[in-house]
Amino acid sequence: FENAPKSSAEARHRFNDAAAMMLADHPLTGIGINHYSHAVSEMGYGDRAGVLAVDRHGVAHHVYWLTLAELGLLGLLAYLGTLLPPLVRALRGAFRARGDPRADVLLGLSAGLTVTYLQGLMEWVARQTEVSYMFWLSLALVDALTRQLRRR
């Protein structure tokens, strides 16, 4: 981000502005999943937000704005409802089982999830296939480890 050209930052702001416009027009359910680029290029949001023609097939580089635009407030709540419980569960498990090596793994998973969630403020990488594989694997590990620790 530090070495990106100024035009890159401007494009990011314009993409977020377009997302905000989509949300304003479709607050509860959004414009439809995977329709952001179509809405920017074909539904006038790109023109209204000042998105350059060369960027018209891009997406908001902010996973939460992208989710709001495509799925609305209900979709964002569902998305956050997927993200937050495993993080809370991992943190609780880590602090309850101090001294157990699984607690250390849960703490590491908590850190990884937190960084991924924060990265979503600057990127939409959480919606890419490879990252989603790691996300779901992390959630499976959190579930397995916290179940094991409850049984001891």
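Residue positions within a chain follow its written sequence, with the count starting from 1. Two thresholds apply to this predicted model, a pLDDT of at least 70 for residue-level local features and 80 or more for giving and counting side-chain atom pairs, whereas whole-chain, interface and lining totals are computed over all residues. The side-chain numbers reported here are obtained from all heavy atoms of the structure, hydrogens and water having been left aside.

Caption draft 1: How the structure looks around unusual backbone geometry. The backbone of Asn-34 shows a phi angle near 65°, a positive value even though the residue is not glycine. Relative to the assigned elements, Asn-34 resides in the loop between helix H1 (6–25) and helix H2 (36–42). By the criteria applied, helices consist of DSSP H or I runs no shorter than four residues and strands consist of E runs no shorter than two, each listed in order from the N terminus.

Caption draft 2: Summary view of the packing of H1 against helix H4 (residues 63–96). The axes used here are C-alpha line fits, helices contributing only the stretch in contact, and every angle between their N-to-C directions lies in the interval 0 to 180 degrees. Running from N to C, H1 and H4 cross one another at 15°; their axes reach a closest spacing of 8 Å. In terms of axis orientation, H1 runs roughly parallel to H4. When the axes of H1 and H4 are compared, the crossing they make is left-handed. Residues Asn-16, Ala-19, Ala-20, Met-22 and Leu-23 of H1 form the contact with H4, whose participating residues are Trp-65, Leu-68, Ala-69, Gly-72 and Leu-73. The residue classification treats Ala, Val, Leu, Ile, Met, Phe, Trp, Tyr, Cys and Pro as nonpolar and Asp, Glu, Lys and Arg as charged. All others, Gly included, are polar. Looking at the contact of H1 with H4 residue by residue, the classes come out as eight nonpolar, two polar and no charged. By the definition adopted for this analysis, an angle is roughly parallel if under 35 degrees, roughly antiparallel if over 145, roughly perpendicular if from 65 to 115, and oblique otherwise. In this scheme, a crossing is called left-handed if the near helix is turned counterclockwise away from the far one by less than a right angle; it is called right-handed if the turn is clockwise. The contact criterion used is simple: two residues touch if any of their non-hydrogen atoms lie within 4.5 Å.

Caption draft 3: Here's a closer look at a nonpolar patch on the surface. For patch detection, residues must exceed 30% relative accessible area and be free of salt bridges, and they are connected within 9 Å for like charges or within 5 Å for nonpolar side chains (Val, Leu, Ile, Met, Phe, Trp, Tyr). Here, Shrake-Rupley sampling with a 1.4 Å probe gives the accessible areas, and only protein chains in the shown set may cover a residue. Any Lys or Arg side-chain nitrogen located within 4 Å of an Asp or Glu carboxyl oxygen qualifies as a salt bridge. A contiguous nonpolar surface patch, about 400 Å² in accessible area, is contributed by Leu-28, Leu-73, Leu-74 and Leu-77. Along the chain, the position of Leu-28 falls in the loop between H1 and H2.

Caption draft 4: Focus on the packing of aromatic side chains. Note on aromatic contacts: the rings of Phe and Tyr and the six-membered ring of Trp form a pair at centre separations within 6.5 Å, being stacked when their planes are under 30 degrees apart, edge-to-face when over 60 apart, and tilted otherwise. Summed over all chains, the structure comprises three aromatic pairs. Judged by centre distance (6.1 Å) and plane angle (50°), the ring pair of Tyr-64 and Tyr-79 falls under tilted. Accessibility assignment for this pair places Tyr-64 and Tyr-79 in one class, buried. Taken together, a centroid distance of 5.0 Å and an interplanar angle of 75° make the contact between Phe-135 and Trp-136 edge-to-face. For every residue, the accessible area (1.4 Å probe, protein chains only) is compared with the maximum for its type, and the residue is labelled buried under 20%, exposed over 50%, or partly exposed between those bounds. Residue Trp-136 is classed as exposed on the basis of its relative accessible area, which comes to 51%.

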